[in-house]
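Understanding the architecture of this molecule
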Amino acid sequence: MVAAAPAAPDRIRADVNRRKIADRVFVMVGLLVMFAALLVLAVLFIDLVRDGAPKLNWDFLQSFPSRKAERAGILSAWVGTSLIMLVTAAITMPVGVAAAIYLEEYAPKNWLTAIIEVNVTNLAGVPSIIYGLLALGLFVYQFNLGQSILAAGLTLSLLIMPIVIVATREALRAVPRAIREAAYALGATRWEVTAHHVLPYSTGGILTGMIIGLSRAIGETAPLITIGALSFIAFLPESPFKGEFPFLSFSWLGEAFTAMPIQMFNWVSRPDPEFHVNAAAAGAILLGMTLLMNGIAIYVRYRFRKRINW
Amino acid sequence: MEPAPIEKAARPETGAAGNGGLATPRPSVDLARRADPADAPLTVKSRAEALSFFYGQVQALKDLNIEIREKRVTALIGPSGCGKTTFLRCFNRMHDLTPGTRYVGRIMLYPDSLDLIARDVDPIEVRMRIGMVFQKPNPFPKSIFENVAYGLRVRGMRSAARIEEEVEQALRRAALWDEVKDRLQNSGLSLSGGQQQRLCIARALATNPEILLFDEPTSALDPIATARIEELISELRDQVTVIIVTHNMQQAARVSDYTAFMYLGELIEFDNTSKLFTNPEQKATEDYITGRYG
C-alpha cells in the first residue's frame, strides 16, 4: 500500500483558516445575542429608575400606601413580600430537598416513579394562575387558612417546588459515583451516604436552585391575587419577634397581606400619572431585590465550588 | 513541562500492559521470597464455590472456584473484560448498588463460614468486614483526618482520643503519616494522586478489614507512585488478606503470592505466582503471560 503524500503546509494552513471562519462567526452571533438580552434588561432597569427617581428614597420604604400619591409608600408591600418569602423558603426547602433525595437516591426505577418524575418536571411549566386557583380551593377554603400570609407562602412554595426539586436532583447527581462507592465500601448505609456525603457536597447547587426558585416567586402576582391579596394595607402584621418568652410569635402567619407586585399592579392601573411614578419606583426596587437574590445565588455557588472540585 | 525523557525511561515496567504486553519478556519472579504452601499449610480465608454472576441476562462470571489464603496476596489477572473486577466486587457486594444484578453460588468467609453473597446477609455487614481501594483515588472532599476517621465514625467510635490514635496508626500503616502529619486538617483533595491513593488505603485500613480488595490501584498513577503502592501492598501481606486486580502482569509477579488468570468470565488457571508465571499448565495462560494476546 502506498501512503498518500502529506499535504503542503500552506494548504493545511489555508484549510484550517477556512474552517475556523465558522468559529468566529459563532462567537460574533453569541456576543450579539447576549448583549441584546443584557441591553433590554439594562434599558428596562434604567427606565424604571428614571421614572421612579422622585420616589426612590427612605420615606418611600417607610410609608404605608395612601390615597395621595406623594405620601404613598411600599412599607406594607415589602414587609409582606419578605414574610411570604420566608414562609415559602421554610416550606420549600425541606419538602423539595426531601422529595429530590427520595427520587434520586431511594426511589426504585419503575413505572410509578417514572410517572412522578415526568410530572414533577412538567409542573414547572404550569401557568401560575392555575396554582392560584388550586390554592384558593385548597388552602383558603378547604383548610380554612383564609387570605393569609401562610396561604400565600404555601401557594408560592407549590409554584416553585418543581424548580427546586429539579435543581436539587441535578446537584445530587453531580456528586460522582466514585464518592458514593467509597462511602458504601466503608460500610455506610444509604442514609449515611446521603447525609454525610451526597447532601453536604451538593449544598451549593441546592441553595442555588432554592434562590432561583425564590427569585421566581418574588415576582409572582397572579396566584396571590387569586387567593385574595389586598392591595391597600395601612398596618403591619404583628412582629415575629417578641420581648418576652418564647420570643417568637406566629400570629403574623394568619394576617392579611399585600406584596410588591400587587402594590405595583394597583398603582399602574390608576389613571393619576403620579401613581405611575410610584409604580416605577416599586418596580425598580423589586427588580433590585431579584437581582440581589440572583447575586447571592452566584456567590453561594462560587463559594461551594471553590471548596469542592472533583 | 514535565521532564518527559525521565518519565519514559521509567515507563517500560508499568507501560507493558498498556501496549497489550506485546514483546515483553516473561516477568521475573523472586522465587526465594515466595512461601511454598506445600511446606507451610495456610489457612483459607475465603472460598468462592461455583460462583456465577449476571448483569441482567449477561453472564459475566462462569462457575468460578477459588481459594483465597489468609494473609497472602492473591492477584487476579487477565485481558480487559475478562471479569476480574466483576469478581472482585462480588466480595464486598458492590454489585448490590446496581439494580438487575444477580449472584449464583457461594463466597464463604472463614473462620465463621459466612456466605458473603447470601441473600439474607446484609451487604452493609459484608462491607464492614471487607475493605476496598478503587481504581481511581476517591478521597472524600473532607480533611485528611476526616477521610481516615470516617470508617471509624460509621462504626460508632466516639472517643476523640481513640479516633486520633487509630487515624495515626492507619496513616502510618499506609506509609503516609510523615508526609501529612503537619496538615491533617487540609483537604484530602490537596494531595497528589499517589498520596490520595495511599490516603484511600489508610481509610480502608483504619477499619481493620479482614480482606482488603484492590481494584487496579495503580492504573491512574505514575511509575514512582506505583512503586510506593506496590511496596505498601508487599508490607501489608503479613497483616491482612489482599486480593488485587491488576492489568499489569509485572505488578502481579512483584506483589502477589498467588495468581489467578481469568479469561471471558472463567477462571483458567490458579496457582502460586511463581509457578503460574514460569510454568503455566494451560496454553491460554502461557499465551497471555508471554504477550501473545492481551
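Within every chain, residues take consecutive numbers counted from 1 along the sequence as written. A letter from A marks each chain and a number from 1 marks each ligand, given out in the order of writing. Side-chain atom pairs in this predicted model are given and counted only at pLDDT of 80 or more, local residue features only at pLDDT of at least 70, and totals for whole chains, interfaces and linings cover all residues.

A closer look at the overall build of chain B
Selection rule: For the purposes of this entry, the term helix denotes a DSSP run of H or I that reaches at least four residues, the term strand denotes a run of E that reaches at least two, and both are numbered from the N terminus. Put plainly, a residue is buried at 20 or more neighbouring C-beta atoms within 10 Å of its own, exposed at 12 or fewer, and partly exposed in between, counting only other residues' C-beta atoms, which are placed from the backbone. Each residue is represented by a C-beta atom placed from its backbone, and any two residues with such atoms within 7 Å are regarded as in contact.
The secondary structure content of chain B amounts to 12 helices and 10 strands. Looking at the 294 residues of chain B, the share that counts as buried comes to 45%. In chain B, 71% of the contacts between residues at least 6 apart in sequence involve partners at least 24 apart.

Here's the deal with the overall build of chain A
Keep this limit in mind: In this description the radius of gyration comes from C-alpha coordinates, and the expected globular size is given by 2.2 Å times residues to the power 0.38.
The helix and strand tally for chain A stands at 12 helices and zero strands. Secondary structure elements of chain A occur, N-terminal to C-terminal, as α-α-α-α-α-α-α-α-α-α-α-α. In terms of overall dimensions, chain A is more spread out than a globule: its C-alpha atoms have a radius of gyration of 25 Å, far above the 19 Å expected for 310 residues. Along the first, second and third principal axes, the C-alpha atoms of chain A reach 95 × 55 × 35 Å. In chain A, the proportion of contacts linking residues at least 24 apart, taken out of those at least 6 apart, comes to 76%.

Describing the nonpolar core
For clarity, the cut-off: As used here, a nonpolar core is made of buried Ala, Val, Leu, Ile, Met, Phe, Trp, Tyr and Cys residues. They are joined through C-beta atoms within 7 Å.
Counting 146 residues, the largest nonpolar core has Ala282 of chain A together with Ala202 of chain B as the members making the most contacts within it. In terms of residue count, the dominant contributor to this core is helix H6 (residues 149-173) of chain A (17 residues). The residues touching Ala202 of chain B, leaving out its near neighbours within four places in the chain, are Val148, Ala170, Leu171, Arg173, Ala174 and Leu176 of chain B.

Quick word on the interface of chain A and chain B
Accessible area lost upon the coming together of the parts is a frequently used measure of interface size. Each partner contributes residues to the interface: chain A has 15 residues there, and chain B has 19 residues. Of all elements in the fold, only helix H7 (177-185) and helix H8 (190-201) of chain A reach the threshold of two or more residues within the side of chain A that touches chain B. Considering every element that reaches the side of chain A that touches chain B, the biggest residue donor is H7 of chain A, with six residues.

Comments concerning the environment of Ala175 of chain B
All names here are of chain B. Inspection of the secondary structure puts Ala175 in the loop between helix H6 (160-173) and helix H7 (177-180). On the neighbour-count criterion, Ala175 (17 C-beta atoms within 10 Å) is partly exposed. The sequence separation of Ala175 and Ile201 amounts to 26 residues, and the corresponding C-alpha distance is 9.6 Å. Filtering out sequence-adjacent residues up to four positions away, Ala175 remains in contact with Arg198, Arg228 and Leu232.

Considering H6 of chain A
Formally: To estimate the expected span of a helix, count its residues, drop one, and scale the result by 1.5 Å.
Across its 25 residues, H6 of chain A extends 35 Å between first and last C-alpha, which sits within 8% of the 36 Å expected from 1.5 Å per residue. With 23 of 25 residues buried, H6 of chain A is to be regarded as a mostly interior element.

Regarding the pairing of strand S8 (residues 241-245) of chain B
Residue and element names in this part refer to chain B. In plain terms, the rule: Following DSSP output, two strands are said to pair if at least two bridges run between them.
By the criterion of burial, S8 is predominantly enclosed, with five of the five residues buried. Residues of S8 alternate between two faces, with Thr241, Ile243 and Val245 on one and Val242 and Ile244 on the opposite face, all of them buried. The sheet contact formed by strand S3 (residues 73-77) and S8 spans four bridges and is parallel. Residue pairing in the sheet places Ala75 in a bridge with Ile244 of S8. Both strand S7 (residues 211-215) and S8 contribute to a ladder of five bridges, which runs parallel.

A look at the confidence of the model for chain B
Residue and element names in this part refer to chain B. Stated precisely, the cut-off is as follows: Values of pLDDT, ranging from 0 to 100, describe the predictor's confidence in every residue of the model.
Of all residues in chain B, 85% attain a pLDDT of 70 or more, and the chain-wide mean is 86. Here residues 1-25 is a poorly scored stretch, pLDDT under 50, and it has 23 contacts once near neighbours within four places are set aside; other chains count. Across residues 29-39, confidence stays below pLDDT 50; counting only partners more than four residues off in sequence or on other chains, it has 13 contacts. Under the prediction, the complex receives an ipTM of 0.84, its pTM being 0.81.

Details of the sheet that holds S8 of chain B
Residue and element names in this part refer to chain B. As a reminder, the rule being used: Simply put, an axis is a line fit to the C-alpha atoms, just over the touching stretch for a helix, and the angle between two N-to-C directions goes from 0 to 180 degrees.
The sheet built from six strands is open, its strands ordered S6-S7-S8-S3-S9-S10 with mixed pairing. In this open sheet, the two strands that pair with only one neighbour each are strand S6 (130-133) and strand S10 (266-272). Recorded for the sheet is a direction-independent mean angle of 20° between the axes of neighbouring strands. Strand direction decides the pairing type here: strand S9 (residues 258-263) and S10, joined by six bridges, are antiparallel. Among the inter-strand pairings, Phe261 is bridged to a residue of S10, identified as Glu269. Across the sheet, helix H8 (residues 193-205) touches S6 and S7, and the angle it forms with S6 is around 175°.

Side note on the environment of Glu286 of chain B
Here Glu286 of chain B lies in helix H12 (residues 283-289). Placed 168 residues apart in sequence, Glu286 of chain B and Ala118 of chain B show a C-alpha to C-alpha distance of 35 Å.

Focus on the packing of helix H3 (residues 75-106) of chain A against helix H9 (residues 203-218) of chain A
Packed helices, taken two at a time, are described by the angle between their axes plus the distance between the axes. Residue and element names in this part refer to chain A. To be explicit about the condition: Any angle that is under 35 degrees is reported as roughly parallel, and any over 145 degrees as roughly antiparallel; angles of 65 to 115 degrees are reported as roughly perpendicular and all others as oblique. If you view the pair so one helix is near and one far, a crossing is left-handed when the near helix is turned anticlockwise from the far one by less than a right angle, and right-handed when it is turned clockwise. Each residue is assigned to one of three groups, with Ala, Val, Leu, Ile, Met, Phe, Trp, Tyr, Cys and Pro labelled nonpolar, Asp, Glu, Lys and Arg labelled charged, and all others, Gly among them, labelled polar.
At a minimum axis distance of 10 Å, the contact between H3 and H9 shows a crossing angle of 140°. In terms of orientation, H3 lies oblique with respect to H9. For the pair H3 and H9, the crossing hand works out as right-handed. Between H3 and H9, the contacting residues are Thr81, Met85, Thr88, Ala89, Thr92, Met93 and Val97 on the first element and Ile206, Met210, Gly213, Leu214, Ala217 and Ile218 on the second. Split into classes, the residues belonging to the contact of H3 with H9 amount to nine nonpolar, four polar and no charged.

Concerning the environment of Ile262 of chain A
Residue and element names in this part refer to chain A. Along the chain, the position of Ile262 falls in helix H11 (residues 260-268). Look at Ile262 and you get buried, because 22 C-beta atoms sit within 10 Å. It is 8.8 Å that separates the C-alpha atoms of Ile262 and Glu220, two residues lying 42 residues apart in sequence. Each residue touching Ile262, except ones within four places of it in the same chain, is listed here: Thr221, Leu224, Ile225, Ala229 and Ser231.

So, helix H9 (residues 223-236) of chain B
Residue and element names in this part refer to chain B. To keep things clear, this is the line we draw: Working note: the arc is built from the helix axis to C-beta atom directions.
The end-to-end C-alpha separation of H9 is 20 Å, in line with the 20 Å expected for 14 residues at 1.5 Å each. Every buried residue belonging to H9 is among Thr226, Ile229, Glu230, Leu232, Ile233 and Leu236, and all of these are buried. One side of H9 holds all its buried residues, which, seen down the axis, span an arc of 160°. Facing away from the buried side of H9 by over 90 degrees, the exposed positions are Ile224 and Glu235.

Looking at the confidence of the model for chain A
For residues with low pLDDT, the predicted coordinates do not support detailed interpretation. Averaged over every residue, the pLDDT of chain A is 87; residues scoring 70 or more account for 95%. The weakest mean pLDDT in chain A belongs to helix H2 (residues 58-62) of chain A at 82; the strongest belongs to H7 of chain A at 95.

Describing the sheet that holds strand S5 (residues 114-115) of chain B
Residues and elements named next belong to chain B. In spatial order, the strands read S2-S1-S4-S5; together these four strands make up an open sheet with antiparallel pairing. For this open sheet the edge positions go to strand S2 (58-69) and S5, each flanked by a neighbour on one side alone. Two elements, strand S1 (residues 44-55) and strand S4 (residues 101-109), share eight bridges in a ladder whose sense is antiparallel. Paired with Phe53 across the strands is Tyr103, a residue of S4. Packed on one face of the sheet, helix H3 (residues 84-91) meets S1, S2 and S4 and runs near 65° to S2.

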